[in-house]
Amino acid sequence: MTATEGQRSASAGLDNIQPAESFARGAAAFIGRTGGFSTGRALRPSTKVLPEHARGHNRSLVLQTLYRAGTQSRADIARQTGLTRVTISDLVAELMSEGLVVETGQREDARPGKPATMLDLNREAFQIIGIDLSGYATFRGAVLDLDGQILERAELPLAGSTGSDATAKVIALTDELVGLASLPVLGVGVGSPGVVDLAGIVLSAPNLGWSGEPLQQILSERFGLAVLVANDANAAALAEHSFGDADSDMMLVKIGHGVGAGLLLDGTPLFGSRFAAGEIGHVVVGTDGGAECVCGKHGCLETWLAVPRLESALAAAANGDSGASADLILREAGQRLGIALAPVVGALNLAEVVLSGPTHLLDGVLATATIETLRARTMAEFHGDLTLRMTTLGEDIVMRGAAVMVLSGLLGVS
Ligand SMILES: [Zn+2]
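Note that the coordinates shown come from a computational prediction; the quantities given were computed from them, not determined experimentally.

K.L.:
Looking at this model, I keep getting lost on the coordination of the zinc ion. Mind explaining?
P.N.:
Surrounding the zinc ion are the protein donor atoms His 282 (ND1), Cys 293 (SG), Cys 295 (SG) and Cys 300 (SG), which sit 2.1 to 2.3 Å from the metal. Taken together, the 4 donor atoms coordinating the zinc ion and their angles of 99 to 124° define a geometry best described as tetrahedral. In primary-sequence terms, the residues that donate to the zinc ion follow H-x10-C-x1-C-x4-C. Relative accessible area serves as the criterion here: at 6%, Cys 293 is assigned to the buried category.

As structure tokens, then:
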């Protein structure tokens, strides 16, 4: 049965529903009620909490332990989580009845006596749909497994669509991806440009003509699935944390048509008072003017760093139309980024800055100038260990981060 058929049979009635599908439907209702992400909630549970919140938290703790460590016995999980054997047995029974955890056999090196039964997250229970709306000309999406590996891909040319036409393209792409899934779909994650609130409403995405677009609700009602919509750079930061070994105190700077950033503090995404944390593209860098920006100001970070601006400056240099060399242009862009980031690094004591964007532009002269500027403008005693590097996740970073949103929002794992 394909996932589409699964969704159809799920909406047809309660007969013959697999435990995993039943879980996904409950999760869709949960996201519908709560909106998913909440501020102040760590991505990865790591300690016990008070009794009134304990059960849900401890469920996630068991799932997270299995998700990251792989096959474990009940005793292994008890040791790692600090929960009692009785609690673990109880939670595992519940998770097995929901199809989220499976027994994988006996421990191979078992000593004489009763061998331990091994458990794992049921990695074959679901697939996830991750969608990246940040491309200038194309919406891209993928079907991913629970480990964040891409199984199927689809894309749709944007062809200048804005407003409800752009929304219709997101629906069409989601529909195609749901059809490509070969297991029940746990949920749909969407990374959108612009400012997105915690209910998945795109408050402002000028390039797509969206203002107050309730994208999460539209997709959720259309497909009957759990849907989570967040800012593209925030999604990218989650991908880097889960699949790129990023530090828990990090900033991911996404450089493309515009410039944005996602922040994790102590492993928790930072959204800000108006959900615009990390929107550094229209911060003016320096007091020396600069080129006019689309927002009307002069010298915004985007005017130095956005890919179209960098490419046209480099083309002018190559033609001899400007007095500057390519190296000078890239060094200046890197310095401006360093100037913009230094107070952020200083205020938050970040351990790592990760750049996502075209490697041929960012890696090298530009990145070197950024880290040198950061080091020169912050205190070596506290910020000297700061690292700056390119992401290793390439162009799939937003789609994989969208999958982390679903994993974290629905299973509490990442
Ligand atoms: Zn601007």
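K.L.:
I keep staring at helix 13 (residues 365-377) and nothing clicks. Help me out?
P.N.:
A turn of α-helix holds 3.6 residues, and therefore any two residues three or four places apart point the same way. If you check helix 13, its first and last C-alpha atoms are 18 Å apart, about what 13 residues at 1.5 Å a residue would give, namely 18 Å. The inward-facing, buried residues of helix 13 abut helix 9 (301-305), helix 10 (307-318), helix 11 (326-348), strand 14 (352-356), helix 12 (359-362) and strand 15 (387-390).

K.L.:
Just to check I follow, could you spell out the sheet that holds strand 13 (residues 268-269) for this structure?
P.N.:
Remark on secondary structure: sheet strands pair via backbone hydrogen bonds, oriented parallel or antiparallel. Read from one edge of the open sheet, 5 strands run 13-12-11-14-15, paired in mixed fashion. In this open sheet, the two edge strands, each paired with only one partner strand, are strand 13 and strand 15. Pairing between strand 14 and strand 15: 4 bridges, direction parallel. Bridge pairing in strand 15 places Leu 355 opposite Met 390. On top of the sheet, helix 11 reaches strand 11 (250-255), strand 12 (259-265) and strand 14; it is set at about 160° to strand 11, its chief contact.

K.L.:
I would appreciate a short explanation of the packing of aromatic side chains in the present structure.
P.N.:
The geometry of two aromatic rings is summed up by the distance between their centres and the angle between their planes. For the coordinates displayed, the defined rule picks out 1 aromatic pair. With a centroid separation of 6.0 Å and an interplanar angle of 50°, the aromatic rings of Phe 23 and Phe 126 are classed as tilted. Here Phe 23, found in helix 2 (residues 19-34), pairs with Phe 126, found in the loop between strand 3 (117-121) and strand 4 (127-132); they are 103 residues apart in sequence, far enough to count as distant. Overall, Phe 23 belongs to the buried group, its relative accessible area being 13%. Residue classification places Phe 126 among the buried positions, given a relative accessible area of 1%. Over the ring of Phe 223 we find Arg 222, and its NZ or CZ is 5.9 Å from the ring centre.

K.L.:
I would appreciate a short explanation of the nonpolar core in the present structure.
P.N.:
As a rule of thumb, nonpolar side chains are buried together in soluble globular proteins. The biggest cluster of nonpolar side chains holds 56 residues, and the ones touching the most others in it are Val 62, Leu 63, Phe 126, Leu 186 and Leu 411. With 11 residues, helix 15 (residues 397-411) is the largest single contributor of residues to this core. Apart from the residues lying within four places of it in its own chain, the contact partners of Leu 411 are Phe 23, Ser 60, Leu 63, Leu 100, Leu 186 and Val 406. With 35 residues, the next largest nonpolar core counts Ala 333, Ala 342, Ala 367 and Met 390 among its residues.

K.L.:
Teacher, can you tell me more about the pattern of salt bridges here?
P.N.:
Pairing is possible between side chains of opposite charge, provided their charged atoms come close. For the structure shown, the criterion picks out 16 salt bridges. In this structure, the salt-bridge partner of Arg 74 is Glu 103, at a minimum N-O distance of 3.1 Å. Placement of the pair is Arg 74 in helix 4 (residues 74-81) and Glu 103 in strand 2 (residues 101-106), with a sequence separation of 29 residues. Residue Arg 74 is classed as partly exposed on the basis of its relative accessible area of 21%. It is possible to trace a salt-bridge network through shared partners that takes in Arg 55, Arg 59, Asp 90, Glu 94 and Glu 98.

K.L.:
I would appreciate a short explanation of the packing of helix 6 (residues 163-180) against helix 7 (residues 215-223) in the present structure.
P.N.:
The relative placement of two packed helices is expressed as an angle between their axes plus a distance between the axes. It is at 11 Å that the axes of helix 6 and helix 7 come closest, and there the two elements cross at 45°. One finds that helix 6 runs oblique with respect to helix 7. Crossing of helix 6 over helix 7 shows right-handed handedness. Listed contacts from helix 7 to Thr 167, Val 170, Ile 171, Thr 174, Asp 175 and Val 178 of helix 6 are Leu 215, Ile 218, Leu 219, Arg 222 and Phe 223. Residue classes in the contact of helix 6 with helix 7 are distributed as 7 nonpolar, 2 polar and 2 charged.

K.L.:
It is not clear to me how the sheet that holds strand 10 (residues 227-231) should be interpreted in this structure. Could you clarify?
P.N.:
Spatially, the 5 strands line up as an open sheet ordered 6-5-4-7-10, and their pairing is mixed. The open sheet is flanked by strand 6 (150-157) and strand 10, the only strands paired with a single partner. Across the sheet, the mean angle separating the axes of adjacent strands is 15° when strand polarity is ignored. Bridge count between strand 4 and strand 7 (residues 185-192): 6 bridges; the pairing is parallel. Opposite Gly 130, over in strand 7, you have Gly 189 as the bridge partner. In this fold helix 6 packs onto strand 4, strand 5 (138-144), strand 6 and strand 7, with an angle of close to 150° to the strand it touches most, strand 6. Of the strands in this sheet, strand 7 and strand 10 are in contact with helix 8 (residues 232-243), which crosses strand 10 at around 105°.

Thresholds, definitions, all that
- Here the residue numbers are simple positions, counted from 1 along each chain's written sequence.
- Per-residue local features are limited, in this predicted model, to residues with pLDDT of at least 70; the limit for side-chain atom pairs, both in listing and counting, is 80 or more; totals at the level of whole chains, interfaces and linings are taken over all residues.
- Each side-chain value is worked out from all heavy atoms of the structure, with water and hydrogens disregarded.
- For Na, K and Ca the donor cut-off is 3.2 Å, and for all other metals it is 2.8 Å, counting N, O and S atoms only; because water is absent from this set, sites may look incomplete.
- Labels for metal geometry use angle windows, namely 85 to 135 degrees for all angles of a four-donor tetrahedral site, and for square planar (four donors) or octahedral (six donors) sites opposite donors over 155 degrees apart plus all others within 65 to 115; sites meeting none of these are irregular.
- For the exposure calls, accessible area comes from a 1.4 Å probe over protein chains only, and a residue counts as buried if that area is under 20% of its type's maximum, exposed if over 50%, partly exposed in between.
- Only DSSP runs of H or I reaching four residues or more are called helices, and only runs of E reaching two or more are called strands; each is numbered from the N terminus.
- Given the number of residues in a helix, its expected span is that number minus one, multiplied by 1.5 Å.
- Working rule for contacts: check all heavy atoms of both residues, and any pair within 4.5 Å makes them a contact.
- DSSP-based pairing: two strands are paired if at least 2 bridges between them are found.
- Each axis is a line fitted through C-alpha atoms, taken for helices only over the stretch in contact, and angles between the N-to-C directions span 0 to 180 degrees.
- Here the aromatic set is Phe, Tyr and Trp, taking the six-membered ring for Trp, and pairing holds for ring centres within 6.5 Å; pairs whose planes are under 30 degrees apart are stacked, those over 60 apart are edge-to-face, and all others are tilted.
- Definition used: whenever NZ (Lys) or CZ (Arg) falls within 6 Å of the ring centre and also within 35 degrees of the ring normal, the charge is taken to sit over that ring.
- In this text, buried Ala, Val, Leu, Ile, Met, Phe, Trp, Tyr and Cys residues form a nonpolar core when linked through side-chain atoms within 4.5 Å.
- Here, a salt bridge means any Lys or Arg side-chain nitrogen found within 4 Å of an Asp or Glu carboxyl oxygen.
- Here the word oblique covers every angle except those under 35 degrees (roughly parallel), over 145 (roughly antiparallel) and from 65 to 115 (roughly perpendicular).
- By convention the crossing between two helices is left-handed if the near helix lies anticlockwise of the far one by an angle smaller than a right angle, and right-handed if it lies clockwise.
- Under the scheme applied here, ten amino acids are nonpolar (Ala, Val, Leu, Ile, Met, Phe, Trp, Tyr, Cys and Pro), four are charged (Asp, Glu, Lys and Arg), and all others, including Gly, are polar.

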